[in-house]
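Report on the structure
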Amino acid sequence: MKHIKLNPPRIGGWFLRILARQEDEFSLLGDFDEEFAGIAGSKGCLRAWFWYWRHLLLSIPAFLKDFIFWGCIMFMNYLRVAWRTIKRHKGYSFINIAGFAIGMACCLLILIYVRHELSYDTYHKDTERIYRIVQDIRTQTANRVFAPISPMVAPTLKGDFPQVENSARIIPARSRLVKRGDIVFYEDRFMYADQELFDILTIPFIQGNSQEALIRPQTLVISQRMAQKYFGQANVVGKTLEINQEAYEITGVVTNSPENTHLKYDFMVSMKTLSDWNEMSNWYSTMFFTYLKVKPNVDMEEFSQQVSRLADKYVGEQLSIWGTTYHYFLQPLSSLHLHSRLRYEIEPPGNPVYIYIFSMVGLFILLIACLNFMNLSTARAANRAKEVGLRKVVGAQRPQLISQFLGESLLVVFFSLGLAMVIVKFSIPILHNLAGTLLSFNELLNPGMLFILIGGGILIGLIAGLYPAFVLSAFRPVVTLKGATTVGTRSVSLRTVLVVVQFAISVVLIIGTLLMYRQFNFLKNQYLGFEKEQKLVLPLRGGIIIQENYKTIKDLFSKHPSINGATVSSSVPGRGVSNFSIKLVGEEDDRNQSMFHLYFDDDFIPDYGIEMVAGRAFQKGTKTDFMGAFLINEAAVKALGWSHPEEALGKRLRTGHGVRVNPIIGVTKNFHYRGLQNEVEPLVMEFLPWTFRYITLSINITNLKEVLAFVESQWQATFPGHPFEHFFLDTDFDRQYRADERVGRIFGIFTLLGLFIACLGLLGLASFTAESRTKEIGIRKVCGASVAGIVVMLSKQFTKWVLLANGIAWPVAYFAMNKWLQNFAYRIKIDIVTFLLSGFLVLGIALLTVSFQSFKAALANPADSLRYE
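These remarks concern the structure in this document.

Things to note about the overall build of the chain
Scanning the chain from terminus to terminus reveals 26 helices and 24 strands. Looking at the 869 residues of the chain, the share that counts as buried comes to 49%. By sequence separation, contacts in the chain at least 24 residues apart represent 78% of the contacts at least 6 residues apart. Surface exposure of the chain reaches about 41,300 Å², of which carbon and sulfur atoms provide 59%.

Here's what the structure looks like:
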């Protein structure tokens, strides 16, 4: 009979190899196999398999106990050795820990900022079902996409579409004068809102009934901070506030609006207050922001197509006559802050480009810190060669050595993480001031973030320590114990690559910082086409109307000898302008365009120094100019199809839907009534006193305090009960660049930190290089080498590395910054000077860093150097 060989279970053997210690593996597997063969021969294969698995499973607790016990012993030993290594080499340990700590702190600060930006409007209940509907007005020549739309859309959506659970409208209003007794302030976070808004957005009530707070006219819901500001308490339901000389009953108090919302509120007035306003039934109005909440499981693609041509059913015939179409589309609520840049947004949106930029900067800085650790660890490999050789002689296996070195890496990382958390804690207020956003350290303390931090620390420790661990554990005892260890050309090449990558990243960041600074400086100092200096602007807020007496008011403010002129207008450059449709009258015009409108008196053009290129400006004493004539800019001439400004003179325009028809009497040179991020768009100017909201005074700033005191006294006499407010036009206009400037400052600070970390690593590497060449330096000095010659010798290789880093960084920086500059309509040209400056700057810093160690080594006594080791 043929003998059948019975083999033990392969999977069981695999488990035994995992569980057994390396030195016991062979004997243990042999015992199991021998016993298995004996039972199989005497009692059969089934009994043998049963015995094998039974004893394997019964052995697991003992194996685990042994593994955990010895694992803990070895882990504590690794920590002890790692701590001794850190203490023995304090300089290198400081460089590694400081570099990692600063790198991690930068990453954590950027993480807090990015999480804040991405969290906008995600706190609302069922936020994935909440949308804003916006409007795209299309003509043959242009598309104009507005965030505010017609007030008729919200009720139509609720009535015509079963997919809609609720819809609501709001109108953010101009600042209002709020008064209670002697407490008087202008308030900006003011809006009219439908009652249904509280069913769509999560706005928690502290007092009042959220189901009926805004169902009556002249009712008002205020925030908790406004209740404290005007009443000193939160229990104010039933009390009244005077707003623009009208009384409103407070029907609710809500929590303060969080920072991470696009809809910041303090006062919400019932939309029923505007029920008699003729705009409430106007399909052509673009003043109402409209929100809706859809029912669960709605097919949004199909629903979006259904609402796209919503207006055609009601005003399609009239729109067809005008050659215009209205298209509506939905925006998820959580996407508004970063991904909606439409006309007349409630607040300036964020910029997703900066999210990507900061994320990359954070990763770059952390990468520099990791490269530092890898560089210094491999550079110091020769110093630990004997230690590795001795450990291998007494039985240490390579996996155990790798574990030890990875343990050292993890210990450094977690020391650094703890220090980084402390740095972040104290840096949050600084970042808040720089970013202009309220950020919280507590975002790092929630369980999810702590898990990410610990996991990230382990990952960083493994990434940074893996290569050095493999290099160090690969030394052969027979070589290292003879003292003949060299690091090898491969490690030297790797160190070269690491240093070059570090400084390439630093050069890219420095070029980015310099170009940002130049661009923002260009924006602030570029001539705008008007005189913005020495202009004191007085906003007319809180219901002040000067339609009838604007001339008298101008004369009152002009009495001071240091006030050279006064003019009134609907807005001032940098503060926004209206937009209305425009059509030529008396000749064929199928363009169906809209243009921005600015209204001012006859002193605006000369006081602002705006140049006329054709015709004339509004003139005093010319009655036909008063609500009877238009000025346009050069961009409007081009948009209306004329080649030369003179062609526009005498042509008649209709603004709005047949509201006013007047001739064009003059053409101004293009001037920047908006920031330089935008091209100068067509502008129509008119003399309409009922629109005047600003007084601009041209002043001599020699005796500024006296002028301000005079203006304030005239204000109080002319507008009693209205707080005096003012701003300077040049400062206010530059406000449009403030967000970009803040980004530039933050970018610059992180760039300096990244460069500092890179220089820390370079300092450590230079120190090691000088130390490893101590005898060589001593011999060279004995043979007559000068200090300068030795310094040059030690610095030469680092100079080559930095120059190579510049060669790699320049194309990358050019591509990245050229793409960033495309966000600006008016921008600087990227020239070679910025690249050369950054290159010399980095080279100078690197040489300064290296020279410190080079001089120290070159000045050492040769006798001491030759006795070294």
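Points about helix 20 (residues 704–718)
Relative to the 21 Å expected for 15 residues at 1.5 Å per residue, helix 20 spans 21 Å between its end C-alpha atoms, a close match to the ideal helical length. Every buried residue belonging to helix 20 is among Val-707, Phe-710, Val-711, Gln-714 and Trp-715, and all of these are buried. Viewed end-on, helix 20 has its buried residues packed into an arc of 135 degrees, placing them on one side of the element. Of the exposed residues in helix 20, those oriented more than 90 degrees away from the buried face are Lys-705 and Ala-717.

Some points on the state of the cysteines
On inspection of all chains with the given rule, the structure shows 0 disulfides. Left without a disulfide partner, Cys-106 is nearest to the cysteine sulfur of Cys-107, which lies 7.3 Å away.

Side note on a positive patch on the surface
A cluster of basic side chains, namely Arg-80, Arg-84, Lys-87, Arg-88 and Lys-90, defines a positive patch on the protein surface. Ranked by residues supplied to the positive patch, first place goes to helix 3 (residues 45–88) with 4 residues. Within the secondary structure, Lys-87 is located in helix 3. Judged by relative accessible area, which is 45%, Lys-87 ranks as partly exposed.

Comments concerning the packing of helix 17 (residues 550–557) against helix 20
Two elements in contact, helix 17 and helix 20, have axes separated by 10 Å at closest approach and are oriented at 145 degrees. In this structure, helix 17 meets helix 20 at a crossing whose hand is right-handed. Here helix 17 contributes Ile-553, Leu-556 and Phe-557 to the contact with helix 20, which in turn contributes Phe-710, Val-711, Gln-714, Trp-715 and Thr-718. In terms of residue class, the contact of helix 17 with helix 20 is built from 6 nonpolar, 2 polar and no charged.

Some points on the nonpolar core
Ranked by internal contacts, the top residues of the largest apolar core, which has 135 residues, are Phe-100, Phe-503, Leu-697 and Val-711. By residue number, the principal contributor to this core is helix 16 (residues 489–525), which donates 14 residues. What Val-711 contacts, discounting residues up to four positions off in sequence, is Leu-536, Leu-538, Phe-557, Ile-563, Leu-697 and Phe-724. In this structure, Val-134, Val-221, Tyr-265 and Leu-342 belong to the second largest nonpolar core, which totals 25 residues.

Considering the sheet that holds strand 15 (residues 563–569)
The 4 strands lie next to each other as 15-23-14-24, forming an open sheet whose pairing is antiparallel. Among the strands making up the open sheet, the edge pair consists of strand 15 and strand 24 (727–728). Pairing between strand 14 (residues 535–539) and strand 24: 2 bridges, direction antiparallel. Along strand 24, the bridge assignment pairs Val-537 with Phe-727. Seen against the sheet, helix 17 touches strand 14, strand 15 and strand 23 (694–699) and runs at an angle of roughly 155 degrees to strand 15. Each of strand 14, strand 15, strand 23 and strand 24 is contacted by helix 20, which is oriented at about 25 degrees to strand 14, the strand it contacts most.

Here we look at the side chain of Gln-519
Assignment of secondary structure puts Gln-519 in helix 16. Taking the relative accessible area as the measure of exposure, Gln-519 reaches 0% and is therefore buried. Leave out the neighbours within four places in its chain, and Gln-519 touches Trp-820, Leu-821, Phe-824, Tyr-826, Arg-827 and Ile-828.

Regarding a nonpolar patch on the surface
Nonpolar side chains collect at one region of the surface, where Phe-414, Ile-454, Ile-458 and Leu-462 lie side by side and expose about 310 Å² of accessible area between them. Topologically, Phe-414 is positioned in helix 13 (residues 398–435). Assessed through its relative accessible area of 33%, Phe-414 is described here as partly exposed.

Details of the pairing of strand 4 (residues 176–180)
Relative to strand 5 (residues 183–187), strand 4 runs antiparallel, the two being bridged by 5 bridges. Within strand 5, the residue paired with Arg-176 across the bridge is Glu-187. Sheet topology places strand 4 next to strand 9 (residues 240–243); 2 bridges connect them, and they run antiparallel. Bridged to Lys-179 within strand 9 is Glu-242.

Definitions and cut-offs
All residue numbers here refer to positions counted from 1 along the written sequence of the relevant chain. Side-chain atom pairs in this predicted model are given and counted only at pLDDT of 80 or more, local residue features only at pLDDT of at least 70, and totals for whole chains, interfaces and linings cover all residues. Side-chain metrics rest on all non-hydrogen atoms present in the structure, leaving aside hydrogens and water. Secondary structure elements are taken from DSSP: a helix is a run of H or I of four residues or more, a strand is a run of E of two residues or more, and numbering for both begins at the N terminus. Accessible area is worked out with a 1.4 Å probe on protein chains only. A residue is then buried under 20% of its type maximum, exposed over 50%, and partly exposed in between. It only takes one pair of heavy atoms within 4.5 Å for two residues to be counted as in contact. In short, Shrake-Rupley with a 1.4 Å probe defines the accessible areas, and a residue's cover is counted only from the protein chains shown. For a helix, the expected span equals 1.5 Å multiplied by the number of residues minus one. Throughout, the arc means the angular range of directions from the helix axis out to the C-beta atoms. We call a pair of cysteine sulfur atoms a disulfide whenever their separation is within 2.5 Å. Within the patch definition used here, like charges are joined within 9 Å and nonpolar side chains (Val, Leu, Ile, Met, Phe, Trp, Tyr) within 5 Å, considering only residues with over 30% relative accessible area and no salt bridge. Here, a salt bridge means any Lys or Arg side-chain nitrogen found within 4 Å of an Asp or Glu carboxyl oxygen. The sign given to each residue is positive for Lys and Arg and negative for Asp and Glu; His and the chain ends receive no count. Where a charge lies is defined by one atom per residue type, namely NZ (Lys), CZ (Arg), CG (Asp) and CD (Glu). A fitted line through C-alpha atoms serves as each axis, taken over the contacting stretch for helices, and the angle formed by two N-to-C directions is quoted from 0 to 180°. By definition, any crossing whose near helix is turned counterclockwise from its far helix by less than a right angle is left-handed, and any crossing with a clockwise turn is right-handed. All amino acids are sorted into three groups, where Ala, Val, Leu, Ile, Met, Phe, Trp, Tyr, Cys and Pro are nonpolar, Asp, Glu, Lys and Arg are charged, and the leftover types, Gly among them, are polar. Buried residues of nine kinds, namely Ala, Val, Leu, Ile, Met, Phe, Trp, Tyr and Cys, make up a nonpolar core once their side-chain atoms join them within 4.5 Å. Here the rule is simple: two strands pair whenever DSSP picks up at least two bridges between them.

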